[in-house]
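# A structural walkthrough
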Amino acid sequence: MRFGINTLDDFDFKGKTVLCRVDLNQPVDKSTDTLKSIHRIKACVPTIKELSDKGAKIVLMAHQGSDIEYKNFYCTRPHAKVLTELLGFEVKWIEDVCNPTARNAIKEMKNGEVILLDNVRFCSEEQTLFEMNLKLTHEQQAKTQVVTKLAPLADLYVCDAFAAAHRDQPTLCGFEQVLPSAMGRLFEQEYCVVSELMEQPKHPCVFVLGGAKISDAFMMMETVLSSGAADKVLTGGLVGEIILSAKGLEIGKGTLDFILKSGYGDFIEKAKGIYEKYSDKIVLPSDLAEVKDGNRVEAKTGSIPADFNAVDIGTETSKIYRDIILNAKTVFANGPVGVFENQPSELGTKILFESMADTEGYTVVGGGDSVTAAKKYNVTDKLGYICTGGGALIRFLTGEELPVVKALRHSAKIFPAK
Ligand code: 3PG
């Protein structure tokens, strides 16, 4: 047991049916039915392999896509293919979550076998909007369809989905109420690293906030500034542009339209209050870049043309951010600061990730896009720790007990390991 949670060392898995919640959520290329990155899938392999080697029947549950930020659900078929390749034996994909097809497949499993159920978020009770609107307790989650249909077929529940540990959803927090539970190896490792780091971050401690999950980014900003953890917050992408707009500065029609169309208009008002309170610590872009006819065009903040459509921070900002990162003792980065997938708009993200590789401070990178960026710029080996979690890491940094941690701790109390 660690942190009051059972680990894989606490149970005998031989012949046991294990419901194992993993986070395999990755960008998908729907036109080819393939995944654009497999970082999170690779990270789950040690737990799955260990359970299989120990003779368990492993039923993997995972989500793909989001109903709030991206609205991009997809099936888990490509993930089963990747897992099959990584593990070197077949991981059967079941086109069902908890109906008879899934339940019959579970009943037929042999020791050491692994199956992957379809996207659990195809069940409405597993969706984030359902979570946010109904706020079911963990006991109520144990009475949902997915838990009542699957739990009777299993002996144990394992959660290896640290990246989803901030979600209060039945496949994450419901099974612990009715089954002896443990965290998987990835969960254990990530929880341990981030706990130790946040106990005493070395200062100056810098947070780089970009990415597409705007609500998460603002939540993190407020938390790390009010707790004193952050000495500086470097803003990029939509986060920086929203604050610039909150200050009354022109960010260009294209940029503003995108913010409004994405449903982030409310954050402009919210950002005003945060910026007024912490203007000495929040660093804003001093220039931005757009792409016109395939070419990168930059403009200084304060002289942004009315028809501008920002897709990156500018060169001057990138240099300022680089200096701050090089002088930091701890750097957390969540999300890229521009559309780094395209060459004309990758400069800011490239410089930031290279700076994190060059700094002597300890660097932690979280979230799927950041991992992809770290790979693209060949800096994965030079970063201190790459966390599979983005949102989970952010919520963890708020100091709150993550819902999944709470559920696993509760389970350890009501089902003590022998
Ligand atoms: C993530 O991508 O951060 C995790 O898979 C959780 O996804 P969510 O934010 O859609 O719940």
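Everything quoted here is computed from the prediction, not taken from an experiment.

Within the chain, the regular secondary structure consists of 17 helices and 17 strands. Here the chain has a C-alpha radius of gyration of 22 Å; the compact-globule value for 418 residues is 22 Å, and the two agree. With the C-alpha coordinates of the chain rotated into their principal frame, the extents come out at 65 × 45 × 40 Å. For the chain, the proportion of its 418 residues judged to be buried stands at 58%. Counting contacts in the chain only where the partners sit at least 6 residues apart, residues at least 24 apart contribute 75% of the total. By element, 50% of the accessible surface of the chain is carried by carbon and sulfur atoms, the whole surface being about 16900 Å².

On to the environment of Ala289. Inspection of the secondary structure assignment puts Ala289 in strand E12 (residues 287-292). Take Ala289: its relative accessible area is 1%, and that puts it in the buried class. Residues Ala289 and Phe130 lie 159 residues apart in sequence; the distance between their C-alpha atoms is 38 Å. With residues up to four places along the chain from it excluded, the contact list for Ala289 reads Arg296, Val297, Glu298, Phe308, Asn309, Ala310, Val311, Asp312, Ile313 and Gly314.

One open sheet accounts for six strands, arranged E5-E6-E4-E1-E7-E8; its pairing is parallel. Sheet topology places strand E5 (91-94) and strand E8 (181-183) at the edges, where each strand pairs with a single neighbour. Sheet twist, expressed as the mean angle between neighbouring strand axes with direction ignored, is 25°. Judged from the four bridges that link them, E5 and strand E6 (residues 114-117) form a sheet pairing that is parallel. Bridging across to E6, Val91 finds its partner in Val114. Across the face of the sheet, helix H17 (residues 403-414) comes into contact with strand E7 (156-159) and E8 while running at roughly 135° to E8.

Before going further, it helps to examine unusual backbone geometry. Note: most residues except glycine have negative phi, and most peptide bonds are trans. Cis geometry marks the peptide bond from His203 to Pro204, where omega comes out at 0°. Notably, Asp33 is not glycine yet its phi reads approximately 60°, a positive angle. Position of Asp33 relative to the elements: it lies in the loop between strand E2 (28-29) and strand E3 (34-35). Of note in this structure, Asn378 is not a glycine but carries a positive phi near 55°. Mapped onto the secondary structure, Asn378 falls in the loop between helix H15 (368-376) and strand E17 (385-387).

On to the sheet that holds strand E9 (residues 205-209). Sheet architecture is open: six strands sit in the order E11-E10-E9-E15-E16-E17, paired in parallel fashion. The strands lining the two open edges of the sheet, one partner per strand, are strand E11 (282-283) and E17. Inspection of the sheet shows E9 paired to strand E10 (residues 232-235) by four bridges, in the parallel sense. Paired with Val206 across the two strands is Lys232, which belongs to E10.

Take the layout of surface pockets next. Where empty space is left in the structure can be found by rolling a water-sized probe over the atoms. Its boundaries defined by the atoms lining it, the second largest pocket holds a volume of some 260 Å³. Around the second largest pocket, the lining residues are Glu131, Met132, Lys135, His166, Arg167, Asp168, Met219, Arg395, Glu400, Glu401, Leu402 and Pro403. Along the lines of polarity and charge, the residues of the lining of the second largest pocket split into four nonpolar, one polar and seven charged.

Cut-offs used in this document
Residues numbered from 1 in each chain as written. Predicted model: local features only at pLDDT ≥ 70, side-chain atom pairs only at ≥ 80, totals over all residues. Heavy atoms only, no water. Helix = DSSP H or I, 4+ residues; strand = E, 2+ residues; numbered from the N terminus. Rg over C-alpha atoms; globule rule 2.2 N^0.38 Å. Buried < 20%, exposed > 50% of the residue type's maximum accessible area, 1.4 Å probe, protein only. Contact = heavy atoms within 4.5 Å. Areas by Shrake-Rupley, 256 points an atom, 1.4 Å probe, with all protein chains shown as cover. Pairing = 2+ DSSP bridges. Axes fitted to C-alpha atoms, helices over the stretch in contact; angles between N-to-C directions. 1 Å grid on protein atoms, 1.4 Å probe; cavity = no way out; pocket = protein on both sides within 12 Å on 5 of 7 lines; lining within 4 Å. Points joined across faces, edges and corners; volume = space filled by probe spheres on them. Nonpolar A, V, L, I, M, F, W, Y, C, P; charged D, E, K, R; others polar.

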